[in-house]
Amino acid sequence: MGTLQRRNRLAGHLREHASMYIFHTVLLVMGVIFGAVIVNSLSATQKQDLFYFINEFFVQMKNGEIVSAKEVFSHTLAYNSKFIGIIWLLGISMIGLPIILVMLFLKGMVVGFTVGFLVQQMGLSGFLLSVAAVLPQNFIALPVYIFVVVAAVAFSLQMIKKLFVKRFYQPFVPMLLRYILVYGAANLLLCAAAVIEGYLTPLLMRAVLSLFHH
């Protein structure tokens, strides 16, 4: 019964905020496209320098000289948790709405730049490396970011209505508790993304490097 209720609640949430999910997904995709396009604006020297560092990293990874999976897990979880934590706090502040949108766009831009650069510099091997390095953890992380952004924007708009629209009445404490639960649930999902990045992604990257990177 509890599982059915949760499913119904989730379905209701998705229906209620469908337009927000579409808008923020499009914003993220635009960020990815913009990031990929930016690669072309780099000078030949900048590309050469950046590729040198990336190539050194790949060599170290292939030789097993990089940081441990546990360290990658801890760093990734801490970074992701701080990132959504800032978004969560900006949602409470109400004046942080534009910053939330910029942060989501920038997150997409970083992903797009990474994939675009690897593909441009390394062709097919770069594409496979980007799939191995970027896709597995972001398959979970990016939807979580969108979920938190939508929750932050929705909470902020509810707070604005509460302050300025006298007809709008919604108890603050239950509203805040639901918003806190969103942050907790998002962190649990980001734990799974960090496990993938720490333990699975390096294995996939080594497999691709063993095929192409000599």
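Residues numbered from 1 in each chain as written. Predicted model: local features only at pLDDT ≥ 70, side-chain atom pairs only at ≥ 80, totals over all residues. Heavy atoms only, no water.

As a further point, take the overall build of the protein. Across its full length, the protein holds six helices and zero strands. Partitioning the intrachain contacts of the protein with sequence separation of at least 6 by distance along the chain shows that 81% fall at a separation of at least 24. Roughly 12,600 Å² of accessible area belongs to the protein as shown, and the carbon and sulfur atoms make up 72% of that amount. (Helix = DSSP H or I, 4+ residues; strand = E, 2+ residues; numbered from the N terminus. Contact = heavy atoms within 4.5 Å. Areas by Shrake-Rupley, 256 points an atom, 1.4 Å probe, with all protein chains shown as cover.)

As a further point, take the packing of aromatic side chains. Summed over the entire model, instances satisfying the criterion amount to seven aromatic pairs. Consider the rings of Phe34 and Phe105, whose centres lie 5.7 Å apart with planes at 45°: the pair is tilted. A residue pair is termed long-range when its members are at least 10 positions apart, and Phe34 in helix 2 (residues 18-38) and Phe105 in helix 5 (residues 97-164) qualify at 71 residues. Of the residues examined, Phe34 reaches a relative accessible area of 41% and is grouped as partly exposed. Within the aromatic cluster, the residues linked to one another by ring pairs are Trp88, Phe155, Tyr179 and Tyr183. (Phe/Tyr/Trp six-rings, centres within 6.5 Å; stacked < 30°, edge-to-face > 60°. Buried < 20%, exposed > 50% of the residue type's maximum accessible area, 1.4 Å probe, protein only.)

Between its terminal C-alpha atoms helix 4 (residues 69-93) stretches 36 Å, which fits the 36 Å expected from 25 residues at 1.5 Å a residue. Within helix 4 the residues assigned to the buried category are Val72, Thr76, Leu77, Asn80, Ser81, Phe83, Ile84, Gly85, Ile87, Trp88, Leu90 and Gly91. Just past helix 4, the residue Met94 takes up positive phi, approximately 70°. (Expected span 1.5 Å × (residues − 1).)

Moving on: a nonpolar patch on the surface. Together, Val119, Leu124, Phe127, Val131, Leu135, Phe139, Leu211 and Phe212 make up an exposed nonpolar region whose accessible area comes to about 790 Å². Counting only elements with at least two residues in the nonpolar patch, the list comes to helix 5 and helix 6 (172-212). Broken down by element, the residue count for the nonpolar patch peaks at six residues, all from helix 5. The topology assignment puts Leu211 in helix 6. (Patch = residues over 30% accessible without salt bridge, like charges linked within 9 Å, V, L, I, M, F, W, Y side chains within 5 Å. Salt bridge = Lys/Arg side-chain N within 4 Å of Asp/Glu carboxyl O.)

With that settled, consider the environment of Ile180. Residue position: Ile180 is located in helix 6. Looking at Ile180, the relative accessible area reads 41%, which means it is partly exposed. Separated by 92 residues in the primary sequence, Ile180 and Trp88 have C-alpha atoms spaced 8.7 Å apart.

Let us now look at the packing of helix 4 against helix 6. In the contact formed by helix 4 and helix 6, the axes pass within 8 Å of each other and the chain directions differ by 155°. With respect to helix 6, the axis of helix 4 lies roughly antiparallel. The way helix 4 lies across helix 6 gives a crossing that is right-handed. (Axes fitted to C-alpha atoms, helices over the stretch in contact; angles between N-to-C directions. Parallel < 35°, antiparallel > 145°, perpendicular 65-115°, else oblique. Left-handed = near helix turned anticlockwise from the far one by under 90°.)

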